[in-house]
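# Remarks on the overall topology
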Amino acid sequence: MKKRVTANKLKVGIAAAFMMFGFSSVSAQQQVSLQEAIKQALQNKAEAKRAALQIKKAEYKIDEAKAGALPQIAATAGLTYNPIIQESLLEFGGEKIRAQFGQPWNSTASVQLQQAIFDQRVFTGLKAAKSTREFYVLNAQLTNEQIIENVASAYYQVFVQEENLKTVEASYSNTERVRNVIKSLVDNGLAKSIDLDRTNVQLTNIGSNKQTLINSVQLAKNALKFYMGIPIESDIELEEKTIEPKPELVAGNLNLDNRTEIKVLNKNRELLVFNKKATEAYLYPTVNLVANYGWGANGAKFPLTNGLKNGVLWSDYSAIGLNVNIPIFTGGATKAKINQAEIDIQDLDLNIQNTQLSLNLDYKNAITNIENALINIESMKDNVGLAERVQKNTQSNYQYGLATLTEVLDAENALTQAKQNYANALLDYKQAEIKLIKAKGELNTLQNP
């Protein structure tokens with residue numbers, strides 16, 4: 001009779017401990033939403049900054065290309081002293097005369113203007129420079145999309161690890177309270193020490209799992225902070241938010257033209273076409289206008305401080321000309337370069353085709369993965385509900401002597417595992433969702449709440 005009373009007291013104590021269980025509250029910290037994390041990353045990450053620098057560099061390339069179509073003006077000046085003037089032998093009427101041609105001092109200053117009137121390379125280069133800027137803008141967009149994908153994946157890794165930690169902390173707190181009740185009963189001779197030992201083993205195992213998850217959460221946060229481009233020592237807390245599956249994402253058709261990867265490749269092809277045209281331009285003639293004006297002096301004395309009365313003659317001069325250069329034969333070098341440029345275009349065409357196939361495969365796989373993830377979420381959600389009912393019934397049965405302590409602890413373990421499986425199913429879904437959004441070319445939508 002005494003044993004039955006003791007057992008009943010133990011069961012009532014454990015049941016009370018389970019009813020006292022509650023989730024521990026999260027300490028108040030500044031919360032970070034997914035949109036804020038993406039915003040920080042796009043502002044701070046070196047990849048984004050380098051992409052912006054490339055766009056700025058492309059602006060300077062346009063300026064450089066424009067310069068080829070503008071007048072080129074150069075000024076030159078020189079001062080020469082000839083200590084020994086070369087003599088020439090002249091013959092007049094059968095008589096030979098030695099004479100010097102030149103003066104000891106010569107000074108010149110001139111300005112030359114050159115203007116390209118027709119140069120196919122200049123015009124092609126200007127078009128290519130504008131396309132280069134567009135290429136770097138698209139490349140920056142692709143870089144931003146990669147950053148968004150990394151941040152979103154890292155963000156939900158933290159989210160799910162924290163959910164798992166909450167589940168294990170709840171289980172630890174519940175088991176700890178049960179252990180304390182059993183210990184009190186053992187101390188008062190109302191329970192067996194084997195029940196206390198069994199509960200301590202369970203508590204130790206849960207504590208080990210809890211510590212592993214604490215470490216996993218910290219590692220996941222460190223990865224997120226890295227992708228955000230903020231100091232690792234910064235303290236962040238995710239925004240309180242639940243994951244809501246979106247089955248409607250599966251609907252719709254794929255349009256590869258929306259993928260930035262294809263846009264970048266197409267723009268790269270455009271640049272290769274311009275490169276071929278620039279090479280072909282070497283077969284075209286070039287026409288340049290050249291004009292110059294100069295002022296010079298020569299004489300026996302230092303010209304800068306002397307004039308005609310001291311034997312120094314100053315005079316100006318000018319010339320205007322048209323230079324036409326017509327390539328006739330280059331040994332086939334230009335033709336070979338043109339063929340090489342064509343091969344580059346054909347090679348990129350193959351790359352574009354392969355990329356289209358790869359992106360289409362990614363889309364099909366993303367559809368399959370998200371469909372499976374949605375099914376798995378429903379299954380795991382139902383499993384959590386079932387595990388909760390089993391735990392509740394096991395506790396009730398134990399209170400009336402219809403279940404053992406082992407069954408109670410096993411039910412608690414099963415509930416913890418079911419909740420963790422559900423959290424992991426949510427992570428699998430979010431990863432599949434990110435892949436599908438990327439496959440549709442809509443990663444930028446993750447920046448908007």
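On a predicted model such as this, the values are computed, not experimentally measured, just so you know.

Parameters and conventions
Residues numbered from 1 in each chain as written. Predicted model: local features only at pLDDT ≥ 70, side-chain atom pairs only at ≥ 80, totals over all residues. Heavy atoms only, no water. Helix = DSSP H or I, 4+ residues; strand = E, 2+ residues; numbered from the N terminus. Rg over C-alpha atoms; globule rule 2.2 N^0.38 Å. Buried < 20%, exposed > 50% of the residue type's maximum accessible area, 1.4 Å probe, protein only. UniProt positions renumbered as here; feature names shortened; annotations may be inferred. Pairing = 2+ DSSP bridges. Core = buried A, V, L, I, M, F, W, Y, C linked by side-chain atoms within 4.5 Å. Contact = heavy atoms within 4.5 Å. Phe/Tyr/Trp six-rings, centres within 6.5 Å; stacked < 30°, edge-to-face > 60°. Lys NZ or Arg CZ within 6 Å of the ring centre and 35° of its normal. Axes fitted to C-alpha atoms, helices over the stretch in contact; angles between N-to-C directions. Expected span 1.5 Å × (residues − 1). Patch = residues over 30% accessible without salt bridge, like charges linked within 9 Å, V, L, I, M, F, W, Y side chains within 5 Å. Areas by Shrake-Rupley, 256 points an atom, 1.4 Å probe, with all protein chains shown as cover. Salt bridge = Lys/Arg side-chain N within 4 Å of Asp/Glu carboxyl O. pLDDT = per-residue confidence, 0-100.

## Side note on the overall build of the chain
When you go through the chain residue by residue, the secondary structure sums to 8 helices and 8 strands. For a compact globule of 449 residues, the expected C-alpha radius of gyration is about 22 Å, and the chain comes in at 42 Å, more than 25% above that figure. Structurally, the chain occupies a C-alpha span of about 160 × 50 × 35 Å along its principal axes. Out of the 449 residues belonging to the chain, those deemed buried represent 36%.

## Here's the deal with the UniProt feature "coiled-coil region" (unreviewed entry) in the chain
In the numbering used here, UniProt assigns the "coiled-coil region" (unreviewed entry) feature to residues 31–63, 338–383 and 408–435. A distance of 45 Å separates the end C-alpha atoms of residues 31–63, which is 88% helix and 6% strand. Taken end to end, residues 408–435 has its terminal C-alpha atoms 41 Å apart, with 100% of it in helix and 0% in strand.

## Observations concerning the pairing of strand E5 (residues 105–118)
Residues in a regular strand project their side chains so that they alternate between the two faces of the sheet. Bridge count between strand E2 (residues 72–81) and E5: 10 bridges; the pairing is antiparallel. Bridge pairing links Leu79 to Ser107 in E5. When E5 meets strand E7 (residues 286–299), the two strands line up antiparallel, connected through 13 bridges. Looking at E7, one finds that Trp105 is bridged to Gly299.

## Section: the nonpolar core
Counting 44 residues, the largest nonpolar core has Val151, Tyr156, Leu224 and Tyr429 as its most contacted members. Elements that contribute at least two residues to this core include exactly helix H2 (34–44), helix H4 (120–187), helix H5 (193–228), helix H7 (333–399) and helix H8 (405–439). With sequence-adjacent residues up to four places away left out, Val151 is seen in contact with Leu34, Ala37, Ile38, Ala41, Leu224 and Tyr227. Within the second largest apolar cluster, 11 residues are counted, among which are Val178, Ala191, Leu405 and Leu409.

## What to know about the environment of Arg133
Mapped onto the fold, Arg133 is located in helix H4. On the basis of relative accessibility, which here comes to 29%, the residue Arg133 falls in the partly exposed class. As for Arg133 and Phe101, which are separated by 32 residues in sequence, their C-alpha atoms are 58 Å apart.

## Brief notes about the environment of Asn351
Considering the arrangement of structural elements, one finds Asn351 in helix H7. Between the C-alpha atom of Asn351 and that of Leu265, which follows or precedes it by 86 residues, the distance is 8.3 Å.

## A few points about the environment of Gln447
As for its placement among the helices and strands, Gln447 is situated in the segment after H8. With 413 residues separating them in the primary sequence, Gln447 and Leu34 have C-alpha atoms 7.8 Å apart. Leaving out residues up to four positions away in the same chain, Gln447 has contacts with Gln35, Ile38, Leu42 and Ile148.

## A word on the packing of aromatic side chains
By the definition in use, this model includes 8 aromatic pairs. Pairing Phe135 with Tyr136 gives two aromatic rings, centres 5.4 Å apart and planes at 70 degrees, and the pair type is edge-to-face. Taking the relative accessible area as the measure of exposure, Phe135 reaches 16% and is therefore buried. Look at Phe226 and Tyr227: their rings are 5.4 Å apart centre to centre, the planes differ by 65 degrees, and that puts the pair in the edge-to-face class. In this structure Phe226 comes out as partly exposed when scored by relative accessible area, which is 48%. Here the aromatic cluster, defined as three or more aromatic residues joined through ring pairs, consists of Tyr81, Trp105 and Phe302. Its guanidinium or amino end placed over the ring of Tyr282, Arg121 lies 4.6 Å from that ring's centre, counting from NZ or CZ.

## Considering the sheet that holds strand E8 (residues 312–325)
With antiparallel pairing, 4 strands are arranged side by side in an open sheet as E2-E5-E7-E8. For this open sheet the edge positions go to E2 and E8, each flanked by a neighbour on one side alone. When the angles between neighbouring strand axes are averaged without regard to direction, this sheet yields 15 degrees.

## Considerations on H8
In a regular helix each residue adds 1.5 Å, so 35 residues correspond to 51 Å; H8 covers 51 Å between its end C-alpha atoms and thus fits that length. Looking at the residues trailing H8, positive phi occurs at Gly441, about 75 degrees.

## Thoughts on a nonpolar patch on the surface
Residues Ile117, Phe118, Phe123, Leu283, Tyr284, Leu322, Val324, Ile326, Ile328 and Phe329 make up a contiguous nonpolar surface patch of about 1,100 Å² in total accessible area. The topology assignment puts Val324 in strand E8.

## A look at the confidence of the model for the chain
Summing up the model confidence of the chain, the mean pLDDT is 85 and the portion of residues at 70 or higher is 93%. Taken element by element, the predicted model of the chain shows its lowest mean pLDDT in helix H1 (residues 2–19) (44) and its highest in E2 (93). Per-residue pLDDT stays below 50 along residues 1–28; that stretch engages in 46 contacts with residues further than four places along the chain or on separate chains.

## Remarks on the pattern of salt bridges
Side chains that differ in charge, positive against negative, can pair when their charged atoms come close. Applying the stated rule across the entire model yields 17 salt bridges. Across the pair Lys221 and Glu162 runs a salt bridge, and its minimum N-O distance is 3.4 Å. With Lys221 in helix H5 and Glu162 in helix H4, the pair connects residues that are 59 residues apart, well separated along the chain. Overall, the relative accessible area of 13% leaves Glu162 in the buried class. Between Asp195 and Arg198 there is a salt bridge, and its shortest N-O distance comes to 3.9 Å. Of this pair, Asp195 and Arg198 both sit in helix H5, 3 residues apart, roughly one helical turn. Judged by its relative accessible area of 33%, Arg198 falls in the partly exposed class. If you follow the salt bridges from partner to partner, you end up with Glu134, Lys267 and Glu270 in one network.

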